[in-house]
Amino acid sequence: MKCECGKRPLDIVMSQILKIMIESEIVPPKATLRRNSPVPLSNFYYSSLNPQFIGEKTLILLHPDFTNDVAARLIEEVPEVACVLKGSPQSIVGQADKDSQINHFEILEGDDTQINVMRTLLQEKIVLVKSQSRHHIEVATTTEQKLVQLHNYLKNNDVKKGVAIDAMCGLGAIGIYLLKYGFEKVMFNDINPEMIEALEKNLEINDIDKGYEIFNESFEDLKTDKVDLCVIDAFPGMDIDEITQKAEKIADNVVII
């Protein structure tokens, strides 16, 4: 079932994966692709140009019922699979707030490194490298939409390009964008120390070597002077009332994404 390019269509690859899962009895015999497939994540995303024909060692699979034996079969028998993770896609990966523990997906087999390349309205790309077992699931197109929202706010409001805070910076996309947009200084902050480690690598990848400070605090506890802009990009479903109130006290402009 290969294309003339030598790659197989995604549906064919996922059918083979589902067949192995059925044979291993972690999904029912009448399982379907729509209802029972694992989450397929590419180890490389470039905007919306994600392939329908899958190359070797490019898929990261996520399912709550994967076992070590199933993971070994998937890596051995499905050439497109690069990594197998155990976990629920509904769970928060990372650290939600100061009262939460750091949560990971479990790596059963393979390499979970993922690269996201985002286009921007500045005609520059932003590259983020992440560990899918440790970092929140968000593909390039979703991050691009956030950057467009931020760009439109800046274009349509009188915001001084002075000091900005990326309050929950994660891998750093928003803060890196603000620096490329022309802000004099960006304060990157995240409560999760693993995110800080990833952020430092992404700053280097994007040739950012000045104009920033990095803080490893809960945003509520972050001490700072008045700033020109604060951007809040919290995990989905989080209560951000306290965070928003803090942001409005310290920033002339607050953007909630």
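Source: prediction; values computed, not measured.

Cut-offs applied
Residues numbered from 1 in each chain as written. Predicted model: local features only at pLDDT ≥ 70, side-chain atom pairs only at ≥ 80, totals over all residues. Heavy atoms only, no water. Helix = DSSP H or I, 4+ residues; strand = E, 2+ residues; numbered from the N terminus. Rg over C-alpha atoms; globule rule 2.2 N^0.38 Å. Buried < 20%, exposed > 50% of the residue type's maximum accessible area, 1.4 Å probe, protein only. Polar contact = N/O pair within 3.5 Å; in protein donor to acceptor, adjacent residues only side chain to side chain. Salt bridge = Lys/Arg side-chain N within 4 Å of Asp/Glu carboxyl O. Core = buried A, V, L, I, M, F, W, Y, C linked by side-chain atoms within 4.5 Å. Contact = heavy atoms within 4.5 Å. 1 Å grid on protein atoms, 1.4 Å probe; cavity = no way out; pocket = protein on both sides within 12 Å on 5 of 7 lines; lining within 4 Å. Points joined across faces, edges and corners; volume = space filled by probe spheres on them. Nonpolar A, V, L, I, M, F, W, Y, C, P; charged D, E, K, R; others polar.

Caption draft 1: Region of the structure containing the overall build of the protein chain. Within the protein chain, the secondary structure is distributed over seven helices and 14 strands. Expected size for 257 residues packed as a compact globule is a radius of gyration near 18 Å; at 20 Å, the protein chain falls within 12% of this value. The principal-axis extent of the C-alpha atoms belonging to the protein chain is close to 60 × 40 × 30 Å. Out of the 257 residues in the protein chain, the part that is buried amounts to 47%.

Caption draft 2: Quick peek at the environment of Ser-42. Inspection of the secondary structure assignment puts Ser-42 in strand β2 (residues 39-42). Assessed through its relative accessible area of 14%, Ser-42 is described here as buried. The spacing of Ser-42 and Gln-123 is 81 residues in sequence and 24 Å in space, taken between C-alpha atoms. Within the local environment of Ser-42, its side chain forms a polar contact with the backbone oxygen of Phe-44, the two atoms lying 2.6 Å apart.

Caption draft 3: Seen up close, the pattern of salt bridges. Counted by the stated rule, this structure contains twelve salt bridges. The partner of Lys-98 in a salt bridge is Asp-221, with the nearest N and O atoms 3.8 Å apart. One end of the pair, Lys-98, is in the loop between β6 (81-86) and β7 (106-110); the other, Asp-221, is in the loop between β12 (212-215) and β13 (227-232), and 123 residues separate them in sequence. Since its relative accessible area comes to 42%, Lys-98 is described here as partly exposed. Asp-221 gets classed as partly exposed once you look at its relative accessible area, which sits at 39%. Between Lys-146 and Asp-233 there is a salt bridge whose closest N-O contact spans 3.0 Å. Of this pair, Lys-146 sits in helix α4 (residues 140-156) while Asp-233 sits in the loop between β13 and α7 (241-250), and the two are 87 residues apart along the sequence. We note that Lys-146, like Asp-233, is buried. Connected through salt bridges with shared partners, the residues Lys-19, Glu-23, Arg-73 and Glu-77 form a single ionic network.

Caption draft 4: Inspection of the nonpolar core at higher detail. Formed by 37 residues in total, the largest nonpolar core has its most connected members in Leu-150, Leu-154, Leu-178, Phe-183, Phe-188 and Leu-229. Breaking this core down by element, the ones donating at least two residues are β5 (59-63), β6, β9 (126-131), α4, α5 (173-181), β11 (185-189), α6 (193-205) and β13. Ranked by the residues each element gives to this core, the list is headed by α5, at seven residues. If sequence neighbours within four positions are ignored, Phe-183 has contacts with Leu-154, Val-159, Lys-160, Lys-161, Gly-162, Val-163, Ala-164, Leu-178 and Leu-229. Listed in part, the 20 residues of the second largest apolar core include Ile-54, Ala-71, Val-78 and Val-84.

Caption draft 5: Region of interest: the layout of surface pockets. Volume-wise, the largest pocket comes out at about 580 Å³. Surrounding the largest pocket, 36 residues form its lining, Met-168, Cys-169, Gly-170, Asp-190 and Asp-233 being those nearest its centre. Those elements that provide at least two residues to the lining of the largest pocket are β9, α4 and α5. Here the element with the most residues in the lining of the largest pocket is α4; it accounts for three residues. A breakdown of the residues in the lining of the largest pocket according to their chemical character gives 17 nonpolar, ten polar and nine charged.

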